[in-house]
Amino acid sequence: MRFFDLLSVQISWRNLWRNPRRTTIILTAIVVGIISMIVLSAFGRGMMEGMVKNSIDNLVGHIKIQNPQYRIDPAIDNRIDQAEKIAAQIGELLPDDVQLATRLRLDGVLSTSREHTGVMIVGIDPAAEKGVSFIGRPLYQGTPLQPEDARGLLIGQGLLERLGLEIGKKVVVLSQDASGEGRSKAFRIRGSYRAEMRDTEKRYIFINLKSFQDMLAAPGSATEISISLRNANAYQTGTVEDYVDRINERLDGLGLEATGWRQLLPAIAAYIDMFDVYMLIWFVVVFVAMGFGLANTVLMAVYERMREFGLQRALGLRSSGIIKNVMIEVLFLLLIGMALADLCSFFLVKVVFRSGIDLGSFGAGIEMWGISRIVYPVLSLSDIVMANGVVVLLGLLVGLYPALHAARFTPIETMRHL
Amino acid sequence: MNDLLLAWRNIWRNPRRSILTILAIAFATALLVFMLSFQFGAYDDMIDSSVRLSTGHVQIVAPGYHQRPEMRKVIDNPEELLQEATMLSNVDAVSLRSEAFVLASGEKRSRGVMVTGVAPHHESKISSVPQQIKKGRYLTEGDGAAGVIGALAAQHLQLDVGDECVLLGSGRDGSIAAAVVEIVGIFKSGVDEFDRSIMQLPLAEFDTIFSMEGAVHRLIFTFAHLSDSQAGAAQLRQGERARKLQVLTWEELTPGLKQSIELDLISGIIMYFILVIVVAFSILNTFFMAIFERKKEFGVLMSIGMKPRRLVVLMLLESFSMTTVGLVLGILCGIIITLVAARYGISMGDSAEFMAQYGMPERLYPKLTLLSVTVGPLLIFVVTLLTALIPVLRIPSLRPVEALRS
């Protein structure tokens, strides 16, 4: 016996619409439930992707080459010598659209005429940072760092305000060279930047790589080579791992190591993995809420047709046939609900919330977590499949309860009911 | 009273349907009770660990110090203020702190750190740092040139317990301040930013090194309960001397924490609303059925003279009793689940590492409060009664003759 014989399908479809109001009400519950699953997970994912992007943007990159010791002890002792040469070699290994940025990043002290504060000094090649990190984006105030500018410095807007400085003011930067000797040099503030994370804004200052190298008498050295993949989806970890392996093969014997962003940002990576679990929990919770209604509605539909089932049995339909008919009815209900809900969700995400939601009123809160101010919902196929899957699987499971009831009616029993 | 009995009996005419409806309500209620307790508990833990690590519930600082900390913006004669403040009710502990940025150097390495002068005796009542010593000991009252330092800063400076550390900075008057301190302890709070940049010295020693002349930068208060901090701050602002200073609550000191709690709460509320709407539609059918399968009965009752209004009341009583049973059941389950979770705590799994960076504890403990037990059920109660109104309000328009014929 085929499961979907035309007769059963027709009977079930017509049964579904014998009480249009009842069907519409339970459909509404299903549709609202599925929409909430898909739209909320799209926002959650959008928020998370923004967070990943901001963290990668935060001078991390998709892959980073470092001296393995630097991650434990970020000092000039653990540097990369001849960084330009290595960067060029690695560049050959990778596709053309991959961007490399060489940086020298060390702890230091920033002194104004009145105050001192601890900062992270980053020597950059301004041209190489475009599209790689936040410092490659347009500045908040002032002019960008010119490649030949040996005395220019960029500062976070947050730090600028806290120290009461202005663009054009002079500051002294101090750091330690390889022999442990303190080295200082005066710089002029050329501009200020804004970053998604307030901590970054208060900690990082940028100068030209060359002038930082000169200041520390360490020509050609850097502490990191950051690699950014164009179009790299944060979830396409396979590509990243593949490149990491290839780069590490080349780096063999140099005492350097390439690491993918998931290892560089273990906390974020763990959060991403947990996110799927959170979403699944939410899906199941919403389902249970509508599952009771679904069971009740189908149960009612079955009870008021008791005599019909009795008649069908008397005419020779087996109990499995009755189960089948009820299950097809449930399946129709779920499929219509899913189709409507998927369409509505698509409309909501792509049209209504296309320009995202602005979390500006939680400014300080989102800065703390590195969440973007505007969150754009992200539809992911896996979330849609998961939401629909949860509803269909659990829905059929719930539907089995009234179906089994219907199959238990015996012709004699049902004749007695009026 | 008779009507209530009638309603109650009507519910059990179809026990299976009523039980499913009650269970739907109970499920949503239990979930809301638990989730709200969980959220409130987590917020309290988050605020508490942030308050204990650095800010306290309320602080008094010199005007402008919070926006732009500078050495010269001090509170003179803090003892008077301290006396005044200790008289206040609800104050749990008060401590004095001063801060200065210095260049700290070990044998080979140096880096900038934030030196905090603390009163060791008071600090152990206010701050969590004394309990977070991983090596050596915390400061004691008798300590002279001794300091405790964050684990990451110690690692970077290659310092260990017993080593000497040279501090170089500027004093309150702008003069050069230099000192050698012995590291007596290393603490690890789990918040990298804190462990990387903080060193604590006894306040008396700090005073000498940075020529503070008895002045301090901050007065830190904790209260018996978090909820006392607003009222406490208001009381403090009344003080003669505090009026010229700035009184700040934890919300103003860590706006990020407050706003991320708001964001989390609002997204939670949106989810609960959706859940309650789904439940409402889920049970709307039951209410409709309960009325329409009894159309004939209503026809009979109306033809023998029952007022439609009484029928409406009767049906509302029916859904009201069903909802109440569901709510009571749900609240009980919710309370039991919450109490169990509050006893053992809920591990955040792999997210714990992520949370630790923001000073959040590894395990979160739900907290049962009057608010968390009542808000959710109240919402469900209102929504279910509104839902019940939709079918019930159709009763008055029933014509007895037509109803009898159906």
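Structural data are supplied above this passage.
Criteria and thresholds
- Residues numbered from 1 in each chain as written.
- Chains lettered and ligands numbered in written order.
- Predicted model: local features only at pLDDT ≥ 70, side-chain atom pairs only at ≥ 80, totals over all residues.
- Helix = DSSP H or I, 4+ residues; strand = E, 2+ residues; numbered from the N terminus.
- Rg over C-alpha atoms; globule rule 2.2 N^0.38 Å.
- Buried ≥ 20, exposed ≤ 12 C-beta atoms within 10 Å, placed from the backbone.
- Contact = placed C-beta atoms within 7 Å.
- Axes fitted to C-alpha atoms, helices over the stretch in contact; angles between N-to-C directions.
- Parallel < 35°, antiparallel > 145°, perpendicular 65-115°, else oblique.
- Nonpolar A, V, L, I, M, F, W, Y, C, P; charged D, E, K, R; others polar.
- Arc of directions from axis to C-beta.
- Pairing = 2+ DSSP bridges.

### Considering the overall build of chain B
A tally of regular secondary structure across chain B gives 15 helices and 12 strands. Here chain B has a C-alpha radius of gyration of 31 Å; the compact-globule value for 406 residues is 22 Å, and the former is much larger. Taken over the C-alpha atoms alone, chain B extends approximately 100 × 45 × 30 Å along its principal axes. Sorting the 406 residues of chain B into buried and exposed places 45% on the buried side.

### Examining the interface of chain B and chain A
At the junction of the two partners, chain B supplies 51 residues and chain A supplies 52 residues. Only helix 2 (15-55), strand 2 (91-105), strand 3 (110-118), helix 5 (151-157), helix 6 (192-197), helix 10 (255-292) and helix 13 (351-356) of chain B provide two or more residues apiece to the side of chain B that touches chain A. Top element by residues in the side of chain B that touches chain A is helix 10 of chain B. It accounts for 20 residues.

### Some thoughts on the packing of helix 9 (residues 266-304) of chain A against helix 2 of chain B
Viewed as axis vectors pointing N to C, helix 9 of chain A and helix 2 of chain B meet at an angle of 170°, and their least axial separation amounts to 10 Å. Judged by the inter-axis angle, helix 9 of chain A sits roughly antiparallel to helix 2 of chain B. Across the interface between the two elements, V285, V288, A289, F292, G293, A295, N296, L299 and M300 of chain A of helix 9 of chain A pack against R16, R17, L20, T21, L23, A24, F27, A28 and L31 of chain B of helix 2 of chain B. Class assignment of the residues belonging to the contact of helix 9 of chain A with helix 2 of chain B gives a composition of 13 nonpolar, three polar and two charged.

### Structural notes on helix 10 (residues 306-314) of chain A
All names here are of chain A. Of the positions making up helix 10, those classed as buried are F309, Q312 and R313. Buried residues of helix 10, viewed axially, fall in a sector of 100°; they line one side. In this structure, the buried residues of helix 10 make contact with helix 11 (319-352), helix 13 (381-408) and helix 14 (411-416). Once helix 10 ends, the next one or two residues include G316, with phi positive near 110°.

### Digging into the pairing of strand 3 of chain B
All names here are of chain B. Along strand 3, nine of the nine residues are buried, which leaves the element largely enclosed by surrounding structure. In strand 3, alternate side chains face the same way, and those of S110, G112, M114, T116 and V118 on one face and R111, V113, V115 and G117 on the other are all buried. Summarising the sheet, strand 2 and strand 3 pair through nine bridges and their orientation is antiparallel. Across the sheet, the residue bridging to A104 is R111, located in strand 3. If you look at the hairpin formed by strand 2 and strand 3, you'll find four residues sitting between the two strands.

### Overview of the environment of L226 of chain B
Along the chain, L226 of chain B turns up in the loop between strand 9 (218-223) and helix 8 (228-238). With 123 residues separating them in the primary sequence, L226 of chain B and L103 of chain B have C-alpha atoms 36 Å apart.

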